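Examination of the molecular architecture
Chain residues, written in single-letter form:
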Amino acid sequence: MVNYSMDNEKSIAHPDESRRVSTTDDIEVSTYLEIAREIGGQQPAVTEEAVSGAEREAIIVLDFGSQYNMNIARRVREAQVYCELLPHDTPWEKIAPLNPKGFILSGGPASVYEKNAPLAPAYVYESGLPVLGICYGMQVVAKQLGGQVTPGTRREYGHAVLHLSDMDSPLFAGLPESTTVWMSHGDKIEEMPPGFKALAYTENSPYAVIGNSKNIFGLQFHPEVAHTPEGKTILRNFVYKVCGCKGNWTIGHFVSESMERIREQVGNGRVINALSGGVDSSVVATLIHRAIGDQLTCIFVNNGLLRREEVERNLKVFKNNLGMNIIYVDATDRFLDRLKGVTDPEEKRKIIGEEFIRVFEDEASKIGRVDFLAQGTLYPDVIESVSSVSTVSAKIKSHHNVGGLPAQMTLKLLEPLRLLFKDEVRQVGAELGLPEEMVWRQPFPGPGLAIRCIGEVTKEKLEILRSADFILMNEIKKAKLYRQLWQSFMVLTDVRSVGVMGDFRTYGYLAAIRAVTSEDAMTADWARLPYDLLARISNRIVNEVDGINRVVYDITSKPPSTIEWE
Ligand code: XMP
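Residues numbered from 1 in each chain as written. Predicted model: local features only at pLDDT ≥ 70, side-chain atom pairs only at ≥ 80, totals over all residues. Heavy atoms only, no water.

On to the overall build of the protein chain. For the protein chain, the count of helices and strands is 17 helices and 18 strands. Across the protein chain, every contact between residues at least 6 apart in sequence was considered, and the portion connecting residues at least 24 apart equals 79%. If you sum the accessible surface of the protein chain, you get close to 23,300 Å²; carbon and sulfur atoms cover 50% of it. (Helix = DSSP H or I, 4+ residues; strand = E, 2+ residues; numbered from the N terminus. Contact = heavy atoms within 4.5 Å. Areas by Shrake-Rupley, 256 points an atom, 1.4 Å probe, with all protein chains shown as cover.)

Right, here's the structure in full:
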């Protein structure tokens, strides 16, 4: 469910800003490791990644706070131009090395006529580079270059029809004369700055697109959202036809650049990585392995909370097929012993986090000297850690009392994916030849089946859950729905109910099917799975899985529910 609640772009309070908003399986692993490092008092150096050597070119999005800003960067990158989202007051010294070819000023919740409203730094206009202001960013341009912005008498929110008045503008190449756009603004431009002219209008906005002869443009609407169908073309036109970019941001290019960079950074050093089988840690391990071979050691911890065949499949791919150096630890008993009698979900999470660190450090200390810890940190985490609300720091709080890595391990961080969005990571995975089922794996939470086994976690219940989950996954994949769903899994409740099988009365567990669609796990909608598919899943589960005699379908969305049951 896409939820474009851009109410004048004031961020709606997210329904859930706890650790549970994490979307990738691997975040969990990296969070444990991060906490461990923090507690050990070591601050590993994070090195900035090079983009593309001499040919490097970038579009810089200056962030004024709209919650959809990341979409701008994604759209530009989809056009194969490297793009970074940086705070609106980033100093020029940080931007110059990126070789900027143009600026995009993002939307945001402020009003330019308010006291202390954030504005663009002088270099934006002094550099002579093209500028594209979007919504609030357009008002920033208007105000700073001598126009006038006033509070609108009427808010314009939702779809509007844009009519182009200057078809020759390079921004509009390939566009029809009129097209739908998505508006979300209260303030409006009363008077354009000197030298600007209106290039397009809507019924309520005479200045829906403005521009001057110095390649400074403003859009009153949002080209970055799906509700503006020609938005991608406009952004593409800006980066190619206005900024003159060459378009050298390709995944193949990234892979070769990044391998070179890893070799340079690591030298003769040794790297360890916690492999979870999730997309990010799998891609990071494969990329590093491709670059430095056996200097990489992966530690794969089986916490006894994984799904059926997960361990075997991972070992097959990484050990047998890719020939990686893997230390496999079956720590099932350690984890299950500590989970005995525990029913509180938060307590389960805490125990699993702590135990993970303990096992990891036991294994790592056997390896001898290690120089780097590889992590699958992605660009959204990097951006989030710059802003005030960080899911990572929120999670750290909830896990704060785990122990640290051994003091003698002074590790530097190796984060080759820190400039990538999730979809780019998948592309890297595919480029490196990882199996499709790994590259497109649905997120799986770090605490695994423990939070899908309601109440106490026991070996018996885990086995029942695994069998049911295996059937569900099998049917979802057969129905070709796996990739359309954000997540689909079974939950084993603690409820038992009476049933009848043949001539016998049964008393078995109630299991629930959970299947949701989502963009980012912040909100989710229950998937409208076909009835006959639900019937097949239910039928197979009650017939094939001993211990389950009733299956229900969870038809709640998030919010008010969460995706997981615990
Ligand atoms: P909820 O249940 O909060 O889940 O709607 C949102 C997303 O986060 C995943 N999730 C977790 N991931 N550790 C994780 O690594 C956790 O403790 C955890 N709890 C929830 C969940 O699978 C969904 O993708």
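A word on the confidence of the model for the protein chain. On average, residues of the protein chain carry a pLDDT of 87, and 86% of them reach 70 or more. Counting interchain partners and residues more than four positions distant, the pLDDT-below-50 stretch residues 1-24 has 80 contacts. (pLDDT = per-residue confidence, 0-100.)

Tracing the sequence through the fold places Thr-377 in the loop between strand E13 (372-374) and helix H12 (379-386). Residue Thr-377 is classed as buried on the basis of its relative accessible area, which comes to 12%. Those residues within four positions of Thr-377 in sequence are excluded, and the remaining contacts are Val-382, Glu-415, Leu-417 and Arg-418. (Buried < 20%, exposed > 50% of the residue type's maximum accessible area, 1.4 Å probe, protein only.)

A few words now on helix H16 (residues 459-478). End to end, H16 covers 28 Å across 20 residues, agreeing with the expected 28 Å (1.5 Å per residue, within 8%). Positive backbone phi, at 60 degrees, marks Lys-480, one or two positions downstream of H16. (Expected span 1.5 Å × (residues − 1).)

Okay, unusual backbone geometry next. Pro-559 follows Lys-558 through a cis peptide bond whose omega is -15 degrees. The peptide bond linking Pro-559 to Pro-560 adopts the cis configuration, its omega dihedral lying at 10 degrees. Following the sequence through the fold, Pro-560 ends up in the segment after strand E18 (548-553). Within the chain, Ala-521 stands out as a residue other than glycine whose phi angle is a positive 70 degrees. Looking at the secondary structure, you find Ala-521 in the loop between strand E16 (504-517) and strand E17 (525-526).

Read across the sheet, nine strands follow the order E2-E1-E3-E4-E9-E8-E7-E5-E6 without closing on themselves; strand pairing throughout is mixed. In this open sheet, the two edge strands, each paired with only one partner strand, are strand E2 (83-87) and strand E6 (178-191). Sheet twist, expressed as the mean angle between neighbouring strand axes with direction ignored, is 25 degrees. Lying on the sheet, helix H2 (residues 69-78) is in contact with strand E1 (58-63), E2, strand E3 (100-105) and strand E4 (131-134); it crosses E2 at an angle near 155 degrees. (Pairing = 2+ DSSP bridges. Axes fitted to C-alpha atoms, helices over the stretch in contact; angles between N-to-C directions.)

This part is about the packing of helix H8 (residues 279-292) against helix H14 (residues 422-431). The contact between H8 and H14 brings their axes to 10 Å, and the two run at 45 degrees. In terms of orientation, H8 lies oblique with respect to H14. You can see that H8 and H14 cross each other, and the crossing is left-handed. Residues Val-279, Asp-280 and Val-283 of H8 lie in contact with H14, whose contacting residues are Lys-422, Val-425, Arg-426, Val-428 and Gly-429. (Parallel < 35°, antiparallel > 145°, perpendicular 65-115°, else oblique. Left-handed = near helix turned anticlockwise from the far one by under 90°.)

This part is about helix H17 (residues 531-544). Taking 1.5 Å as the rise per residue, H17 with 14 residues should run 20 Å; its terminal C-alpha atoms sit 20 Å apart, in good agreement. Here H17 has its buried residues at Leu-533, Leu-534, Ile-537 and Ile-541. All buried residues of H17 lie within an arc of 100 degrees about the axis, which places them on one face of the element. In this structure, H17 carries Tyr-531, Asp-532 and Asn-543 as exposed residues pointing more than 90 degrees from its buried face. Structurally, H17 contributes buried residues whose contacts are with H16, strand E15 (487-501), E16 and E18. (Arc of directions from axis to C-beta.)

Counting 163 residues, the largest nonpolar core has Ile-104, Leu-105, Leu-171, Leu-529 and Ile-548 as the members making the most contacts within it. If we skip the residues at most four places from it in the chain, Leu-171 touches Leu-132, Val-209, Phe-217, Leu-219, Ile-234, Asn-237, Phe-238 and Val-242. (Core = buried A, V, L, I, M, F, W, Y, C linked by side-chain atoms within 4.5 Å.)

On to the sheet that holds E13. Sheet strands line up and pair through hydrogen bonds in the backbone, either parallel or antiparallel. Spatial strand order, E12-E11-E10-E13-E14: five strands in an open sheet with parallel pairing. Each having just a single partner strand, strand E12 (325-330) and strand E14 (412-414) make up the two edges of the open sheet. On average, each strand axis in the sheet is tilted by 25 degrees relative to the strand beside it, whichever way the strands run. As defined by bridge partners, strand E10 (residues 271-275) adjoins E13 across three bridges and the pair is classed as parallel. When the bridges of E13 are listed, Val-271 appears paired with Phe-372. Packing of helix H9 (residues 310-321) onto the sheet brings it into contact with E10, strand E11 (296-302) and E12, and relative to E12 it is tilted by some 165 degrees.

All right, on to the pairing of strand E9 (residues 216-219) then. Where burial is concerned, the two faces of E9 agree: the one with Ile-216 and Gly-218 and the one with Phe-217 and Leu-219 are both buried. Here four bridges tie E4 to E9, and the two strands are oriented parallel to one another. Each bridged residue has a counterpart across the sheet, and for Ile-134 the counterpart in E9 is Leu-219. Across three bridges, the pairing between strand E8 (residues 209-211) and E9 is antiparallel. Its bridge partner lying in E9, Ile-210 is registered against Gly-218. Linking E8 to E9, which pair antiparallel, is a turn of four residues; within it Asn-215 sits at a positive phi near 65 degrees.

Applying the stated criterion across every chain, the model contains 33 salt bridges. The partner of Asp-166 in a salt bridge is Lys-197, with the nearest N and O atoms 3.5 Å apart. Placement of Asp-166 in the loop between strand E5 (148-164) and E6 and of Lys-197 in strand E7 (residues 197-201) is noted, with a sequence separation of 31 residues between them. The class for Asp-166 is buried, based on a relative accessible area of 17%. The shortest N-O distance in the salt bridge between Glu-415 and Arg-418 comes to 3.1 Å. Among the residues examined, Arg-418 registers a relative accessible area of 13% and is labelled buried. If you follow the salt bridges from partner to partner, you end up with Arg-334, Arg-338, Glu-354, Glu-355 and Asp-362 in one network. (Salt bridge = Lys/Arg side-chain N within 4 Å of Asp/Glu carboxyl O.)

Inspection of the secondary structure puts Glu-456 in the loop between helix H15 (436-439) and H16. Remark: the alpha-carbon pair of Glu-456 and Val-342, spanning 114 residues in sequence, is separated by 5.5 Å. Setting aside chain neighbours within four positions, we find Glu-456 in contact with Leu-339, Lys-340, Gly-341, Val-342, Thr-343 and Lys-461.

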